[in-house]
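Take a look at the letters that make up each chain.
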Amino acid sequence: MKNDSNNTIEQPHQAAASAPALAPTSVPVVLADSFLTLHYRLAGAHGDVINTFGALPATLSMGSGALAAALEQCLLGLAEGSHTSFNLPAGEAFGAPNPAMRQWLKRSELADLGDPDESYAVGEVVQFPTFDGLGVFAGTVLELGEQAVLFDFNHPLAGQPITFEVQVISVL
């Protein structure tokens, strides 16, 4: 303290209270129970099957079955903001094609499931209601017959090597 000629007492300047030291910020990484927002692309020998780049990103909970287990394994440990690609060998992501998943459906059955005037084309992916009516599953048209249509209900990338490109937008 100092006494000046006007009899005022000046208090010494106190240092501003220092802010607590901030811990270094860490970027969240994908864990087995994370909730993610991401862009991803799945491609096989014939090109993209799914591609969210340039559209709305996907959101998913790890372990929920939204992605194949092999794809989730690729995501584990990726940091928020990561953008990378993985090349998976044939069958690793979606298994080998199962011949029993190729089935002929009578056109009369198809008419009962949807539009009776529907026409089909080889390579077209057709959505079907699940037996309980709560969901859908897809089949790819393999062959057209006069009385029936041959569908492949295997995953379109079953038995193929795939490229899995991902950009992790956020991790919770």
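Notes on the structure follow. (Residues numbered from 1 in each chain as written. Predicted model: local features only at pLDDT ≥ 70, side-chain atom pairs only at ≥ 80, totals over all residues. Heavy atoms only, no water.)

With that settled, consider the packing of aromatic side chains. Where two aromatic rings form a pair, the distance of their centres and the angle of their planes describe that pair. Under the criterion given, the structure shown has eight aromatic pairs. On the basis of an interplanar angle of 25° and a centroid distance of 5.7 Å, the ring pair of Phe 128 and Phe 137 is categorised as stacked. Residue class for Phe 128 comes out buried when judged on its relative accessible area of 4%. By relative accessible area, Phe 137 is classed as partly exposed at 31%. The interplanar angle of 65° and the centroid separation of 5.6 Å between the aromatic rings of Phe 128 and Phe 153 together place this pair among those described as edge-to-face. Of this pair, Phe 128 sits in strand β8 (residues 125-129) while Phe 153 sits in the loop between β10 (148-152) and β11 (162-171), placing them 25 residues apart in sequence. Judged by its relative accessible area of 15%, Phe 153 falls in the buried class. Members of the aromatic cluster, joined through ring pairs, are Tyr 120, Phe 128, Phe 137, Phe 151 and Phe 153. (Phe/Tyr/Trp six-rings, centres within 6.5 Å; stacked < 30°, edge-to-face > 60°. Buried < 20%, exposed > 50% of the residue type's maximum accessible area, 1.4 Å probe, protein only. Helix = DSSP H or I, 4+ residues; strand = E, 2+ residues; numbered from the N terminus.)

Next up on the list: the environment of Leu 105. Inspection of the secondary structure assignment puts Leu 105 in strand β7 (residues 102-106). Between the C-alpha atoms of Leu 105 and Ala 148, which are 43 residues apart in sequence, the distance is 5.3 Å. Sequence-distant contacts of Leu 105, defined by excluding residues within four places in its chain, comprise Leu 110, Phe 128, Ala 148, Val 149, Phe 151 and Phe 153. (Contact = heavy atoms within 4.5 Å.)

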